[in-house]
Amino acid sequence: MRSTSRVSLREPSYFVLAALLDGRLHGYAVVKRVEELSAGQVKLAAGSLYSVIDRLLGEGYVVADGEEIVNGRARRYYRLTESGHQVLAQEADRLAQAARVVHERLTQRPTWRTSPA
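Worth saying up front: this structure is predicted, and the values here are computed from it rather than measured. (Residues numbered from 1 in each chain as written. Predicted model: local features only at pLDDT ≥ 70, side-chain atom pairs only at ≥ 80, totals over all residues. Heavy atoms only, no water.)

Enquirer: It is not clear to me how the overall build of the protein should be interpreted in this structure. Could you clarify?
Expert: If you tally the helices and strands in the protein, you get five helices and three strands. Going from N to C terminus, the protein has its helices and strands arranged as α-β-α-α-β-β-α-α. Here the protein, with 117 residues, has 31% of them falling under the buried criterion. Pairs at least 24 residues apart make up 54% of the contacts formed inside the protein by residues separated by at least 6 positions. Here the protein displays about 7,900 Å² of accessible surface, and carbon together with sulfur accounts for 50% of that area. (Helix = DSSP H or I, 4+ residues; strand = E, 2+ residues; numbered from the N terminus. Buried < 20%, exposed > 50% of the residue type's maximum accessible area, 1.4 Å probe, protein only. Contact = heavy atoms within 4.5 Å. Areas by Shrake-Rupley, 256 points an atom, 1.4 Å probe, with all protein chains shown as cover.)

What follows is the structure in structure tokens.
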């Protein structure tokens, strides 16, 4: 498992972890929740979802949490771990700080508008 002291998640991983804040979900529910949370900006196909899930499992940020058979197919469930919750919170803080820096600069008088052409 990697250290949570320096976090930088890719957007799909960030939104998968965010989806699991709602509690235990199966793969298709994760895909739908990610799309909803990202306002349609992140759309995961099954292959890319399970690549993200495998990576998050390996890092200890999610765990498999049961399986059931629905219409003859296995439906696996996943949930966020405490370290997954922590890394998600750290990444949200990092992104918020980065956004604050830009928003603060945008509200200051922009020098590019006052410079001669």
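Enquirer: Please explain the environment of Leu80 as it appears in this structure.
Expert: Among the structural elements, Leu80 can be located in strand β3 (residues 73-80). C-alpha separation for the pair Leu80 and Leu20, spaced 60 residues apart in sequence, amounts to 5.7 Å. What Leu80 contacts, discounting residues up to four positions off in sequence, is Leu17, Leu20, Leu21, Tyr61, Val62 and His85.

Enquirer: Is there a simple way to think about the packing of helix α1 (residues 11-19) against helix α3 (residues 46-58) in this case?
Expert: Packed helix pairs are specified by the crossing angle of their axes together with the interaxial distance, meaning the distance between the axes. At a minimum axis separation of 10 Å, α1 and α3 run at an interaxial angle of 75°. By the angle between their directions, the pair α1 and α3 is classed as roughly perpendicular. Along the contact surface, α1 presents Pro12, Ser13, Val16 and Leu17, while α3 presents Leu49, Val52, Ile53, Arg55 and Leu56. Among the residues making up the contact of α1 with α3, the classes are represented as seven nonpolar, one polar and one charged. (Axes fitted to C-alpha atoms, helices over the stretch in contact; angles between N-to-C directions. Parallel < 35°, antiparallel > 145°, perpendicular 65-115°, else oblique. Nonpolar A, V, L, I, M, F, W, Y, C, P; charged D, E, K, R; others polar.)

Enquirer: Just to check I follow, could you spell out the pattern of salt bridges for this structure?
Expert: For side chains bearing opposite charge, pairing can occur when the charged atoms are close. Enumeration according to the criterion identifies seven salt bridges in this entry. Note that Arg33 is salt-bridged to Asp22, the shortest N-O span being 2.4 Å. Of the two residues, Arg33 is situated in helix α2 (residues 27-37) and Asp22 in the loop between α1 and β1 (25-26); the sequence distance between them amounts to eleven residues. Relative accessible area serves as the criterion here: at 22%, Arg33 is assigned to the partly exposed category. Ionic pairing is found between Glu36 and Arg33, a salt bridge with its closest N-O pair at 2.1 Å. (Salt bridge = Lys/Arg side-chain N within 4 Å of Asp/Glu carboxyl O.)

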